[in-house]
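Spelled out, the chains give:
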Protein chains: 2
Amino acid sequence: MIEARYLRVLRAVAQSGSFSAAARELGCTQPAVSQQIKALEQAVGVPVVVRSGRTTRLTEAGEALHRHAAGILAGLTAAEEEVAAMAGLRAGRVRLVAFPSGSSSLVPHAVAEVRAAHPGVRVSLVEAEPPEAAAMLRAGDVEIALAFRYPSPSGARLGPAGDDWSDLVVRSLLDDRLVGLVPAGHPLAAAGRVGPVNVAELADEHWIAGCPQCRSHLVDLCESAGFTPLIEFATDDYPAVVGLVAAGLGVAVLPLLALEAVRLAGVAVLPLGPEACREVVALTLPDLVNVPAVDVTLGRLSRAALRISALRDTGASLGLPHTGA
Amino acid sequence: MIEARYLRVLRAVAQSGSFSAAARELGCTQPAVSQQIKALEQAVGVPVVVRSGRTTRLTEAGEALHRHAAGILAGLTAAEEEVAAMAGLRAGRVRLVAFPSGSSSLVPHAVAEVRAAHPGVRVSLVEAEPPEAAAMLRAGDVEIALAFRYPSPSGARLGPAGDDWSDLVVRSLLDDRLVGLVPAGHPLAAAGRVGPVNVAELADEHWIAGCPQCRSHLVDLCESAGFTPLIEFATDDYPAVVGLVAAGLGVAVLPLLALEAVRLAGVAVLPLGPEACREVVALTLPDLVNVPAVDVTLGRLSRAALRISALRDTGASLGLPHTGA
DNA sequence: TCGCATTATAAGGATTGCTTTGGGTTTCAC
DNA sequence: GTGAAACCCAAAGCAATCCTTATAATGCGA
């Protein structure tokens, strides 16, 4: 079996015209070159060099190998270069899948930073709800999945709806507080009110729910508060939720992240207790954390999440009180 | 440094979809595949495979390497195949240089046999006198040189005219007897004469000499017999020598091999003593005897020489008595 | 939940590769 | 012709690599 090493040595010998010069060119000793040539000759079964006096030339077989070696070694260096570009973040591809409200705030900042720092790295994005996102990750369709999970009643933090993330790398990005949404002028939105609102105070309202996980968590939340919500609408289109609430058709509980890109007209935002939150995480496969492009993207996602958390903690976002988590 | 071995393993993994299957395909054990992949990943600095559950896929870097591997491995197998063809005598090139009288009888038989037995082997031929032929061999212009040498007075058998063949492989092909050439009707060509003629009997004749080496040897031969030949013509064109002798312009001493392709009209051939001979040899470089095409050509040259010797020993050639060497 | 399949890890053994050392040969210069 | 330099080979020692076997851990399907 011809090894690439043999061809490198052969090329050096052909170029330099002697074993010693080839050894200097390759940065090794002359016996090493001699042995490599001998190994190559044993591998192919015919002599490749012919020595006459002090001069060293290639045999016909050696010339044939040398001719092929040019393309083979060029292909090898091209392959090395291409992969080295990925290792050096001069190239690479990162495919993201994110839940819809994550794409509007968290992802854009992170992607923009990655693209600015490493223009050769291409980041693509599709949207999917957490269960499907994890499936895409496991299927190899994406490298990073942005998902979220609500704290389960038992306290264990698995993925949503029975999805087990124990085979994934789970990187916690931020705790996304939930807020209540009521029509402007609603009694609970009175000016003098301070402190979080208890969900039980909305027990008699009509409800507008979001995506399936959110709806499921809403039910859990309300039942913990002692009632079952009367859900009349369900849509994962957050501007639509805001519109429905503003129209007085019901109340809603939405994560803050979902509201960042929505114009809040005709609604009042009610702070809820600290137990009303969801955890936003980035998921990836264990092997992929060693891929530089994936690693740097995860890092930028963390930074973007920290930025959002910091904004909230200083009250700059939506004028809400500190979460105090 | 990426080795070809890594790419073979990577390709097997990509094709089979698992390490174990790749190991079976490659004829080795699964840990070997695992280690090779790890070595490859360490060489390029990026993961090349990503394992999710039971399935194994390639990363972007792995795909890039796999893409390059196709061409690289194809080039390697093409190189192996081309050299294997030379090793298997399905291809190859042998360049011969021969002295003129060797080309007319010895070489054609041998070349024809080589071509018949191994149609893929190309044998080419140029003509040159021994000193130049050896120089061409050392310069790498030919693989085999056909030359001859006369026994030196001291008994050492070096190359002609001070040329040292100790760095070459000298393969003795045949002992080429020398014969005297006199005009038809010359007294020494009388019918009753038996046994070899002594050169001294031609001391008073005018001489026609051949190539420089032959001329030099002729002088040695005559001086050993006690006289200095009066050389009036010198040409390495053997038909011309015969013509000059037939015209009565002198006598000559020529090797038998040189006469095989010459029509002997108007001349008489005189047998000389056994000391009047030259050795026809095939020369090559030590490294080249391991080249199959060169080796088989040398073998056929030996066989052709044996055939010529056998013809002479049975008296089938020129009607001369046995050499009894 | 059990059983089969796959992978990772560790250790042993063998092979390979590289270097150093020494010797023979060729070539060039004085 | 002789000395010096360059080149190559051969052998020995050492280190690294590779492959194997054996074992443990994990994942998947019945």
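So, here's what we can say about the structure. (Residues numbered from 1 in each chain as written. Chains lettered and ligands numbered in written order. Predicted model: local features only at pLDDT ≥ 70, side-chain atom pairs only at ≥ 80, totals over all residues. Heavy atoms only, no water.)

1. Section: the relation of the copies chain A and chain B
- Mapping chain A onto chain B calls for a screw motion: a turn of 180° about the axis and a shift of 0.1 Å along it, with 0.2 Å RMSD after fitting. Taken together, the rotation angle and the small translation identify this as a two-fold axis.
- Take the interface residues of chain A: 100% of them recur as interface residues in chain B, which is what a same-surface contact looks like. (Least-squares fit on C-alpha atoms with pLDDT ≥ 70 in both. Contact = heavy atoms within 4.5 Å.)

2. A closer look at the protein's contact with DNA strand D
- In the region of DNA strand D, 21 residues are neighbours, and Phe19, Ser20 and Ser34 of chain A together with Gln36 and Gly53 of chain B sit closest.
- Of everything in DNA strand D that lies within 4 Å of the protein, sugar and phosphate atoms constitute 67%.
- Gln35 of chain B has a polar side-chain atom sitting 3.3 Å from a base oxygen of DNA strand D.
- The contact in question runs from a phosphate oxygen of DNA strand D to an N or O atom on the side chain of Gln36 of chain B, over 2.7 Å. (Near = heavy atom within 4 Å. Polar contact = N/O pair within 3.5 Å; in protein donor to acceptor, adjacent residues only side chain to side chain.)

3. Overview of the interface of chain A and chain B
- On the side of chain B, 44 residues touch chain A, which itself brings 44 residues to the contact.
- Across the chain A to chain B interface the summed buried area is about 3,800 Å²; carbon plus sulfur atoms make up 62%.
- Considering only the surface of chain A that becomes buried against chain B, Glu60, Val83 and Asp287 of chain A emerge as the three largest contributors, covering 15% of it.
- Run the count over chain A and chain B and you get six salt bridges.
- Note that Arg5 of chain A and Glu3 of chain B form a salt bridge whose closest N and O atoms lie 4.0 Å from each other.
- The interface formed by chain A and chain B contains 18 residue pairs in polar contact (both at pLDDT 80 or more).
- For the side of chain A that touches chain B, the elements supplying multiple residues, two or more each, are α1 (4-16), β1 (49-52), α4 (60-87), β3 (92-98) and α6 (130-139) of chain A.
- Here the side of chain A that touches chain B gets 16 residues from one element, more than from any other, and that element is α4 of chain A.
- Considered class by class, the residues forming the side of chain A that touches chain B number 25 nonpolar, seven polar and 12 charged. (Buried area = accessible area lost by both parts, 1.4 Å probe. Salt bridge = Lys/Arg side-chain N within 4 Å of Asp/Glu carboxyl O. Helix = DSSP H or I, 4+ residues; strand = E, 2+ residues; numbered from the N terminus. Nonpolar A, V, L, I, M, F, W, Y, C, P; charged D, E, K, R; others polar.)

4. Regarding helix α7 (residues 212-224) of chain A
Residues and elements named next belong to chain A.
- For α7, built from 13 residues, the straight-helix expectation of 18 Å at 1.5 Å per residue is met to within 8% by its first-to-last C-alpha distance of 18 Å.
- All buried positions along α7 are accounted for by Gln213, Cys214, His217, Leu218, Leu221 and Cys222. Buried residues of α7, seen end-on, are gathered within an arc of 160° and therefore sit on one face of the element.
- One or two positions beyond α7, positive phi appears at Gly226, with a value near 100°. (Expected span 1.5 Å × (residues − 1). Buried < 20%, exposed > 50% of the residue type's maximum accessible area, 1.4 Å probe, protein only. Arc of directions from axis to C-beta.)

5. Digging into the pattern of salt bridges
- One pass over the structure, following the stated rule, counts 20 salt bridges over all chains.
- Note that Arg51 of chain A and Asp287 of chain B form a salt bridge whose closest N and O atoms lie 3.4 Å from each other. With Arg51 of chain A in strand β1 and Asp287 of chain B in the loop between β11 (277-284) and α10 (292-313), this pair bridges two chains.
- A relative accessible area of 38% means that Arg51 of chain A is categorised as partly exposed.
- A relative accessible area of 16% means that Asp287 of chain B is categorised as buried.

6. Digging into the packing of helix α2 (residues 19-26) of chain B against helix α3 (residues 30-44) of chain B
Residue and element names in this part refer to chain B.
- At a closest axis distance of 8 Å, the pairing of α2 and α3 adopts a crossing angle of 105°. Taken together, α2 and α3 sit at an angle that is classed as roughly perpendicular. For the pair α2 and α3, contact is made by Phe19, Ser20, Ala22, Ala23 and Leu26 and by Gln30, Val33, Ser34 and Ile37, respectively.
- Here the contact of α2 with α3 is built from residues that sort into six nonpolar, three polar and no charged. (Axes fitted to C-alpha atoms, helices over the stretch in contact; angles between N-to-C directions. Parallel < 35°, antiparallel > 145°, perpendicular 65-115°, else oblique.)

In short, shape yes, function no, at least from these values alone.
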